[in-house]
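# Remarks on the overall topology
Take a look at the letters that make up each chain.
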Amino acid sequence: MTTITRVHEMQSFVQDARRSGKTVGCVPTMGALHAGHASLITFAAAHHDVVVTSIFVNPTQFAPGEDFEAYPRDLAADLAIVEAAGGGVVFAPTVAEMYPNGPTTSIHVAGVSETLEGASRPTHFDGVATVVCKLFEAMMPHEAYFGQKDFQQTLVVRRMAEDLLIPVRITVLPTVREPDGLAMSSRNAYLNAVERAQSRTISKALFAARELILAGERNGSTLHHVMATIIATEQALTLEYAVAANAVTLVAEPVFRSDATIVLLIAARLGKTRLIDNVLIQPHE
Ligand code: AMP
């Protein structure tokens, strides 16, 4: 295992690898790694000579009052997970290393970053787009791996890389779930035992709406209603949004075409924890 903390060392490491004909995959993370992250690292390792996993809790994607300080940090545990998953290199810079002049330059991806998560957390995706761009500059990957768990983030990152002409292939991999359906997330560590049991209602709502789509339902408000009704059965959950959207445009259409790829997205609060999840339904599933 190699751990690199300086940007210039990261860049020369990757430049050397690329010069010797190796391909480089990267997995950007905020640490507190779990089996979802490990699946990305293992997949990347199967496709590239070098895999760099970045571990950086990015302050600019947290708004004041959010959980930047409380976000779980355990580098030793993370290194063990990266190694077990087959990742050889970790990039773990400090905030000062990533933002040498503070947060002076910021990237805003118009449109796709402004709805749903962007509406709930107005500065979030500017922070994400900016840090992912900077991580690409530091890790110089041929390919970068992201989880479908953060579906809107994958659209924002793809658009940012396209708009800024960054020569990286973006690959999105499926959400890894707990046996009861809860999407794995570093923030699940905030849930107490009671909340942990209550949290499964989110995936239950998504799976129920998915069944309706598979049975032919295409009405957006019916799908919303089904998800909202199931979420309401768990009083501890406060729904922020439950939306059926076109998976390409992220627009919540009133009625979807039969050949549309639909994404169902939910954000809900459970005690002090904010949880998001989604499922994707391909037209001919
Ligand atoms: P994070 O550390 O939460 O910023 O996540 C880093 C990367 O791991 C992002 O691309 C996430 O979408 C992805 N990820 C997080 N949770 C999961 C999961 N349960 N399954 C698959 N990928 C995930």
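Structure's up top.
Note that the structure is a prediction, hence the values are computed from the model and not measured.

### Focus on the site of the ligand
Close to the ligand lie 17 residues, the nearest being His 37, Gly 147, Asp 150, Val 176 and Met 184. A distance of 2.9 Å is found between an oxygen atom of the ligand and a backbone nitrogen or oxygen belonging to Met 30. For the ligand, the protein covers 92% of the area, taking 480 Å² as the surface of the free molecule. Those elements giving two or more residues to the shell around the ligand turn out to be strand 2 (24-29), helix 2 (35-47) and strand 5 (143-147). Of the residues forming the shell around the ligand, the biggest block, 3 residues, is contributed by helix 2.

### Some words on the environment of Ala 247
When you line up the elements, Ala 247 lands in the loop between strand 7 (237-246) and strand 8 (262-270). Here Ala 247 is in contact with Phe 151, Leu 155, Thr 261, Ile 262, Val 263 and Leu 280, once residues within four sequence places are set aside.

### Observations regarding unusual backbone geometry
If you check the backbone angles, Met 140 has positive phi at about 45 degrees while not being a glycine. With respect to the helices, strands and loops of the structure, Met 140 is situated in the loop between helix 6 (124-139) and strand 5. Using a relative accessible area of 25% as the deciding quantity, one classes Met 140 as partly exposed. The phi dihedral of Leu 250 falls on the positive side, at around 65 degrees, and the residue is not glycine. Here Leu 250 is to be found in the loop between strand 7 and strand 8. Since its relative accessible area comes to 6%, Leu 250 is described here as buried.

### Remarks on the sheet that holds strand 7
Pairing within the open sheet is antiparallel, and its 3 strands lie in the order 7-8-9. Only two strands of the sheet have a single partner each, and these edge strands are strand 7 and strand 9 (273-281). Strand-to-strand twist of the sheet, defined as the mean angle between neighbouring strand axes without regard to direction, takes the value 10 degrees. Here strand 7 pairs with strand 8 via 9 bridges, running antiparallel.

### Examining the packing of helix 1 (residues 7-19) against helix 6
For the pair helix 1 and helix 6, the least separation of the axes is 7 Å and the interaxial angle reads 55 degrees. Relative to helix 6, the element helix 1 is oriented oblique. In this structure, helix 1 uses Val 7, Met 10, Gln 11 and Val 14 to contact helix 6, whose residues at the interface are Glu 137, Ala 138 and Met 139. In terms of residue class, the contact of helix 1 with helix 6 is built from 5 nonpolar, 1 polar and 1 charged.

### Quick word on the nonpolar core
Where a protein is soluble and globular, its nonpolar side chains tend to be buried together. Core analysis: the largest hydrophobic core is formed by 47 residues, its most contacted members being Met 10, Phe 91, Phe 136, Met 160 and Leu 250. For this core, the leading source of residues is helix 6, giving 10 residues. With residues up to four places along the chain from it excluded, the contact list for Leu 250 reads Val 112, Thr 115, Leu 116, Phe 151, Gln 152, Leu 155, Ala 245, Val 263 and Leu 265. Met 227, Ala 242, Ala 244 and Ile 262 belong to the second-largest nonpolar core, a separate cluster that totals 24 residues.

Definitions and limits used
Residues numbered from 1 in each chain as written. Predicted model: local features only at pLDDT ≥ 70, side-chain atom pairs only at ≥ 80, totals over all residues. Heavy atoms only, no water. Near = heavy atom within 4 Å. Polar contact = N/O pair within 3.5 Å; in protein donor to acceptor, adjacent residues only side chain to side chain. Areas by Shrake-Rupley, 256 points an atom, 1.4 Å probe, with all protein chains shown as cover. Helix = DSSP H or I, 4+ residues; strand = E, 2+ residues; numbered from the N terminus. Contact = heavy atoms within 4.5 Å. Buried < 20%, exposed > 50% of the residue type's maximum accessible area, 1.4 Å probe, protein only. Pairing = 2+ DSSP bridges. Axes fitted to C-alpha atoms, helices over the stretch in contact; angles between N-to-C directions. Parallel < 35°, antiparallel > 145°, perpendicular 65-115°, else oblique. Nonpolar A, V, L, I, M, F, W, Y, C, P; charged D, E, K, R; others polar. Core = buried A, V, L, I, M, F, W, Y, C linked by side-chain atoms within 4.5 Å.

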